[in-house]
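Chain by chain, the residues:
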Amino acid sequence: SDLTVAGEGSCYTLAHLADLELLVIGSTIQAGTGAQPREQNAGLILWNYEEEAAVWEGAPCAGLGSVNALCVDQNGDVYGTGVGQDQRILFKFDPNARSFSVLANLAGRPLDNGLQIRDQELFGFTDSDLYKLVDGKVVEIHREEGVFDAPGPIIDGWAYFSTNHLLRR
């Protein structure tokens, strides 16, 4: 069946809330070259896949153009990154309370699908940083301009990523 989600925006990122039997959908309102967005804000949608219906929508802050990464921790909390014209944020979403907390304004632009949880720690990539969340604060692991193009997995303590055509760790 054809389902309309996110209004005039687009579904951009997904995460699964297994305990709640919901998908978390991050949207984007960013239009192509020369086009103007038709929606005011990107945000999250909770989607009940059994009923094929949205059960809730909201946004971590106003003016967000895209929710470009999502992941779920062992407690069922959702972490995400968002970008806007002057915004680069890391946020936490509690799906039970349906509330947001902006945890940090990031120094670089968060990379698409640039969040992951390894050994119960949250790691993230921006275009200039590899960081982790420690006690609710962003701690820089490595900072270098122009190095991080596409995030990869963290395996045996090594973070893999690409720079142009190069696979790096």
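Throughout, residues of each chain are indexed from 1 in the direction in which the sequence is written. Where local features are concerned, this predicted model is filtered to residues with pLDDT of at least 70; where side-chain atom pairs are given and counted, the filter is 80 or more; whole-chain, interface and lining totals use all residues. Excluding hydrogens and water, the side-chain values take into account all heavy atoms of the structure.

1. Looking at the overall build of the protein
Move 1: A tally of helices and strands in the protein yields 0 helices and 15 strands.
Move 2: Buried residues are those whose accessible area, probed at 1.4 Å on protein chains only, stays under 20% of the maximum for their type, while exposed residues exceed 50% and partly exposed ones sit between those limits. Expressed as a percentage of its 169 residues, the buried residues of the protein come to 43%.
Move 3: Once local pairs closer than 6 in sequence are excluded, the contacts in the protein between residues at least 24 apart make up 38%.
Move 4: Only the protein chains shown count as cover for residues, and all accessible areas are computed by the Shrake-Rupley method using a 1.4 Å probe. Here the protein displays about 9500 Å² of accessible surface, and carbon together with sulfur accounts for 43% of that area. We count a stretch as a helix when DSSP gives it H or I for four or more residues in a row; a strand needs E for two or more, and each element gets its number in order from the N terminus. Should any heavy atoms of two residues lie within 4.5 Å, those residues are counted as being in contact.

2. A look at the packing of aromatic side chains
Move 1: Stacked, edge-to-face and tilted labels apply to pairs of Phe, Tyr and Trp rings (six-membered ring for Trp) whose centres lie within 6.5 Å, assigned for plane angles under 30 degrees, over 60, and everything in between, in that order. Enumeration according to the criterion identifies 7 aromatic pairs in this entry.
Move 2: Seen from their ring centres, F125 and F148 are 5.6 Å apart, and the 65° between their planes marks the pair as edge-to-face. On the criterion of sequence distance, the pair formed by F125 in strand β10 (residues 121-126) and F148 in the loop between β12 (137-143) and β13 (150-155) is long-range, its members being 23 residues apart.
Move 3: Ring-pair connections join several aromatic residues into one group, and the members of that group are W56, F91, F93 and F100.
Move 4: Any Lys NZ or Arg CZ found within 6 Å of a ring centre and within 35 degrees of that ring's normal is scored as a charge over the ring. When the ring centre of W158 is taken as origin, the NZ or CZ atom of R169, which lies over that ring, is 3.8 Å away.

3. Overview of the sheet that holds strand β15 (residues 166-168)
Move 1: Two strands pair if DSSP finds at least two bridges between them. Pairing is antiparallel across the open sheet formed by 3 strands, whose spatial order is β13-β14-β15. Both edges of this open sheet fall to β13 and β15, since each of them pairs with a single strand only. Each strand of the sheet is rotated relative to its neighbour by a mean of 20°, with strand direction disregarded.
Move 2: Examined bridge by bridge, strand β14 (residues 158-163) and β15 share 3 bridges and lie antiparallel to one another. Residue pairing for β15: S162 is matched across the bridge by L167. What counts as an axis is a line fitted to C-alpha atoms, over the stretch in contact for a helix, and the angles between N-to-C directions run from 0 to 180 degrees.

4. Section: the side chain of T126
Move 1: By the element assignment, T126 lies in strand β10.
Move 2: Judged by its relative accessible area of 1%, T126 falls in the buried class.
Move 3: Apart from residues lying up to four places away in sequence, T126 is in contact with L106, G108, R109, P110, L111, Y131 and F148.

5. Here we look at the pattern of salt bridges
Between side chains of opposite charge, a pair can form when the charged atoms approach closely.
Move 1: Definition used for salt bridges: Asp or Glu carboxyl oxygen within 4 Å of a side-chain nitrogen of Lys or Arg. A full pass over the atoms with the stated rule returns 4 salt bridges.
Move 2: A salt bridge links D77 to K92; its shortest N-O distance comes to 3.6 Å. Remark: K92 occurs in strand β7 (residues 88-94) and D77 occurs in the loop between β5 (64-72) and β6 (78-84); sequence separation between them is 15 residues.
Move 3: With a relative accessible area of 14%, D77 lands in the buried category.
Move 4: Of the charged contacts, one joins D129 and R143 as a salt bridge, the two residues approaching to 2.8 Å between their closest N and O atoms.

6. As for the sheet that holds β12
Move 1: Strand order in this open sheet of 4 strands is β9-β10-β11-β12, and the pairing throughout is antiparallel. Each edge of the open sheet carries a strand with a single partner, namely β9 (110-118) and β12. Ignoring which end each strand starts from, the neighbouring axes of this sheet average 25° apart.
Move 2: In terms of strand pairing, β9 meets β10 through 5 bridges, oriented antiparallel. Directly across from Q116, in β10, lies its bridge partner F123.

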